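# Structural characterization, general
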2 protein chains.
Amino acid sequence: MKHDLRVIKTQESLRHALLELLKVKPLEDISIAELCRLAQINRGTFYSHYKNVHQVFKHYLEVIVEDFRRAYEEPYIKTRFKIENMNADMIQIFHHVKKYQDFYQIVFDHRIPMMYYYLLFDSVRTFIEESLVKNQIDKEEGTLEDYLLSYQTNAILGLLIEWHRKDYQTNAEELNKQLITIISLNSPFRN
Amino acid sequence: MKHDLRVIKTQESLRHALLELLKVKPLEDISIAELCRLAQINRGTFYSHYKNVHQVFKHYLEVIVEDFRRAYEEPYIKTRFKIENMNADMIQIFHHVKKYQDFYQIVFDHRIPMMYYYLLFDSVRTFIEESLVKNQIDKEEGTLEDYLLSYQTNAILGLLIEWHRKDYQTNAEELNKQLITIISLNSPFRN
DNA sequence: AATTTTATTGAACATGTGTACATTAAAATT
DNA sequence: AATTTTAATGTACACATGTTCAATAAAATT
């Protein structure tokens, strides 16, 4: 049974232990053995739930990425998908990232596998795709559409990479303004 | 001495052995021990040259990224930095990536650390920055400039991510056309 | 050619990885 | 409450990691 109490207890112990260790050392330096010792879980048991430490971290990130989606969505909903009416203080993604800065610092770390980046990428890309449909913009032919979407998606993530490199020093409001400026001189989906 | 013949021999053996192993298994599955066995290098010696297998691979990637730069530069030089005059068959980056597809498949793999992506990112970003200077476009104020550059840079890399996901099926000429289409509806540095 | 310098080797050690399997114990089912 | 199911444990094994250090051998220097 999937909802076996023992399974839940084991996984929660491991996840909790991971958060504890992350207070002390970077994700890449946390071994399975150490995690299991702290969680008081047999190392063999670990492997029947996760393949590596990253799989444990991924659980947290999935929740956060879901929240990212909400943050991204907000101005679209407020403007009823009329992007022209969007203004800087409606943008929530940078506030969201700032809120979970500890996690995003891990995601953008140069030692961390691309999988987290792709998790974020997919989430943003799917939303942009959906918002185009809702905005009733004519879809281009299939392949161009795909490339255009990935181009746009990754451009947004480029801002986050730059923010990361600036150690999240730029404040979120400032970034909101910059994004508005950029997409106004640079709106690929304008009619 | 840095040019000690023994050092050169050791490093070349390791690099050569890595290429051999890459024909057989993915980078993430290659252990230091295995690499050293094949290269006939003592494992202790490995650590006095490299920290991990990625550092060995990085050597190759640096050469390739330098070639990427040349590919990126080509249309700018041909048009003497007048982007308006650029046309699809001048673009060389996709041909370049196709040529080194085996390597880019590794770079964009979800298990691989972000470091390679950043290596590419930095190279592209630096070139875009330089090309703006040569194109004598007024620089914006410092911070916006940084974010705009990273936005643009990552947008380009978004195309490569999409290509990777399509298993490099789209042909390079097609991609050239798509890029021209995208940047024509979407040129942030237009005057 | 003799000497000095230093890269490489080999061995050892503590720890981590991934897997296997019989045993135990805790949950679900009857 | 008794029984069945199965998750978790403990142990073992082969191999990998990262580090240390004395011994060796191959370079560079004289």
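Please read all numbers here as calculations on a predicted model, not as lab measurements.

## With respect to the protein's contact with DNA strand C
All names here are of chain B. Surveying the vicinity of DNA strand C reveals 20 residues, the closest of which are Arg6, Thr10, Asn42, Thr45 and His49. Atoms of DNA strand C within 4 Å of the protein: sugar and phosphate make up 66%, bases the balance. At a separation of 2.3 Å, a phosphate oxygen of DNA strand C approaches a polar side-chain atom of Thr10. Thr45 places a side-chain nitrogen or oxygen 2.9 Å from a phosphate oxygen of DNA strand C. Considering only residue class, the surface near DNA strand C consists of eight nonpolar, six polar and six charged.

## Remarks on the interface of chain B and chain A
Bring the parts together and some accessible area is lost; that lost area is often taken as the interface size. Taken together, the contact between chain B and chain A spans 44 residues of the former and 44 residues of the latter. Taken together, the two surfaces of chain B and chain A that pack against each other cover about 4,000 Å², and 58% of this comes from carbon and sulfur. Three residues stand out in chain B for area buried against chain A, namely Met114, Tyr147 and Tyr151 of chain B, and they jointly supply 21% of the buried area on that side. Put simply, chain B and chain A have six salt bridges between them.

## Remarks on the relation of the copies chain B and chain A
Turning chain B through 180 degrees and shifting it by 0.0 Å along the axis lays it on chain A, with an RMSD of 0.0 Å. Look at the turn and shift together and you get a two-fold axis relating the two. Most of the interface of chain B is mirrored in chain A: 100% of its interface residues are interface residues there too.

## Topic: the protein's contact with DNA strand D
Looking at DNA strand D, there are 20 residues lining it, with Arg6, Thr10, Asn42 and His49 of chain A together with Arg43 of chain B nearest. Taking all atoms of DNA strand D within 4 Å of the protein, the share assigned to sugar and phosphate is 68%. Interatomic distance of 3.0 Å between a side-chain N/O atom of Thr45 of chain A and a phosphate oxygen of DNA strand D. Side-chain polar atom of Arg6 of chain B to a base nitrogen of DNA strand D: 2.9 Å apart, as the coordinates give it. Those elements giving two or more residues to the surface near DNA strand D turn out to be helix H1 (5-22) of chain A together with helix H1 (5-22), helix H2 (32-39) and helix H3 (43-47) of chain B.

## Quick word on the domain arrangement of chain A
Residues and elements named next belong to chain A. You can read the domains of chain A as domain 1 (5-47) and domain 2 (54-184). Here domain 1 and domain 2 have C-alpha centroids that lie 30 Å from each other. Counting residues at the interface gives twelve residues for domain 1 and eleven residues for domain 2. Together, Arg15, Leu27 and Glu28 form the three largest contributors to the area buried by domain 1 at its contact with domain 2, with a combined 58%. For the pair domain 1 and domain 2, the interface holds one salt bridge. Sorting elements by how many residues they give to the side of domain 1 that touches domain 2 places H1 first, with six residues. Of the residues in the side of domain 1 that touches domain 2, the class split is eight nonpolar, one polar and three charged.

## Some details on the packing of aromatic side chains
Enumeration over the complete set of coordinates arrives at 25 aromatic pairs over all chains. Summarising the aromatic geometry, the rings of Phe46 of chain A and Tyr50 of chain A are spaced 5.8 Å apart at their centres and angled 45 degrees between planes, so their arrangement reads as tilted. For the pair Phe46 of chain A and Tyr50 of chain A, one class covers both residues: buried. Aromatic pair Phe94 of chain B and Trp163 of chain B: ring centres 5.7 Å apart, planes at 85 degrees, arrangement edge-to-face.

Rules used throughout
Residues numbered from 1 in each chain as written. Chains lettered and ligands numbered in written order. Predicted model: local features only at pLDDT ≥ 70, side-chain atom pairs only at ≥ 80, totals over all residues. Heavy atoms only, no water. Near = heavy atom within 4 Å. Polar contact = N/O pair within 3.5 Å; in protein donor to acceptor, adjacent residues only side chain to side chain. Nonpolar A, V, L, I, M, F, W, Y, C, P; charged D, E, K, R; others polar. Contact = heavy atoms within 4.5 Å. Buried area = accessible area lost by both parts, 1.4 Å probe. Salt bridge = Lys/Arg side-chain N within 4 Å of Asp/Glu carboxyl O. Least-squares fit on C-alpha atoms with pLDDT ≥ 70 in both. Helix = DSSP H or I, 4+ residues; strand = E, 2+ residues; numbered from the N terminus. Domains from an automatic or database assignment. Phe/Tyr/Trp six-rings, centres within 6.5 Å; stacked < 30°, edge-to-face > 60°. Buried < 20%, exposed > 50% of the residue type's maximum accessible area, 1.4 Å probe, protein only.

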